[in-house]
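Residues per chain, in single letters:
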Amino acid sequence: MYIFGYGSLINHYSRTRTGQTSEAVAVTVKGIERYWGKIDSRYSISPLVAMVGAGECNGVLMRVNDEALQCFDQRERGYQRIELEPNQIITSNEIDKHQPIWVYVRPQHEPPCEVQPIMQTYVDTVLAGCLSISETFAKTFVQTTQGWHYPLENDRHQPKYGNHAGVEERHLDQIDQLLATVRTK
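Model, not experiment: these values are computed from the prediction. (Residues numbered from 1 in each chain as written. Predicted model: local features only at pLDDT ≥ 70, side-chain atom pairs only at ≥ 80, totals over all residues. Heavy atoms only, no water.)

**What to know about the nonpolar core**
- Formed by 55 residues in total, the largest nonpolar core has its most connected members in Phe4, Leu127 and Phe141.
- In terms of residue count, the dominant contributor to this core is strand β3 (residues 48-63) (eight residues). (Core = buried A, V, L, I, M, F, W, Y, C linked by side-chain atoms within 4.5 Å. Buried < 20%, exposed > 50% of the residue type's maximum accessible area, 1.4 Å probe, protein only. Helix = DSSP H or I, 4+ residues; strand = E, 2+ residues; numbered from the N terminus.)

**Here's the deal with the pairing of strand β6 (residues 101-105)**
- Of all five residues making up β6, five are buried, and the element is well covered by its neighbours.
- A two-sided burial pattern is seen for β6, the buried positions comprising Ile101, Val103 and Val105 on one face and Trp102 and Tyr104 on the other.
- Taken together, the two bridges between strand β1 (residues 2-5) and β6 define a ladder with parallel strand orientation. Looking across to β6, one finds that tyrosine 2 is bridged to isoleucine 101.
- Taken together, the five bridges between strand β4 (residues 80-84) and β6 define a ladder with antiparallel strand orientation. The partner of isoleucine 82 across the bridge, within β6, is valine 103. (Pairing = 2+ DSSP bridges.)

**Thoughts on the packing of aromatic side chains**
- Taken as a whole, this structure holds five aromatic pairs when the rule is applied.
- Through pairs of rings, three or more aromatic residues link up here, namely Trp36, Tyr122, Phe141, Trp148 and Tyr161.
- Between arginine 77 and the ring centre of tyrosine 43, over which it is positioned, the NZ or CZ distance is 5.5 Å.
- Above the ring of tryptophan 102, the side-chain terminus of arginine 81 is found at 4.4 Å from the ring centroid. (Phe/Tyr/Trp six-rings, centres within 6.5 Å; stacked < 30°, edge-to-face > 60°. Lys NZ or Arg CZ within 6 Å of the ring centre and 35° of its normal.)

**Here's the deal with the pairing of β3**
- Pairing analysis gives four bridges linking β1 to β3, with the strands arranged antiparallel. Within β3, the position partnered with phenylalanine 4 by the bridge is leucine 61.
- In this sheet, β3 lies alongside strand β2 (residues 25-36) in antiparallel orientation, the contact comprising eleven bridges. Each residue of the ladder has a partner; that of lysine 30, found in β3, is glutamate 56.

Pasting the structure below:
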């Protein structure tokens, strides 16, 4: 089976902190919209959330087994796992359309706030993953994610995001340039 990752799961290093997956392939999914949003009071930050909708978003598709799926279910607590239809997936890569394709979504959007802001190290982790695919992929990610105007805390010097991984110093200028296109000071 597959999981569609649209946030920190795009980043190989963050993803492998949870479970074993196949090599991830870049895809776009129709009928899913990505936002910055709150999950519940167990989360001190506002991560990325997806909702069923008219839009589309890019991410990665990775094959997992039953054991890994249980590990990702635990990581994505507070989300609802739903099955995607194979015709929602746009990719130039071969995928087994007879296998289930799962995505973690929220039924409604609850925006970030000062108490549960977007965390810079979470943004850095996701965008480092996007940049490992391509700069175009990272630009598409930024352009198709809603809610960049919500509160953001710069925690780069004392990371608060638990799955912060795979971010190198060379990524930071590129990330800051990408964010400058969507964030207002």
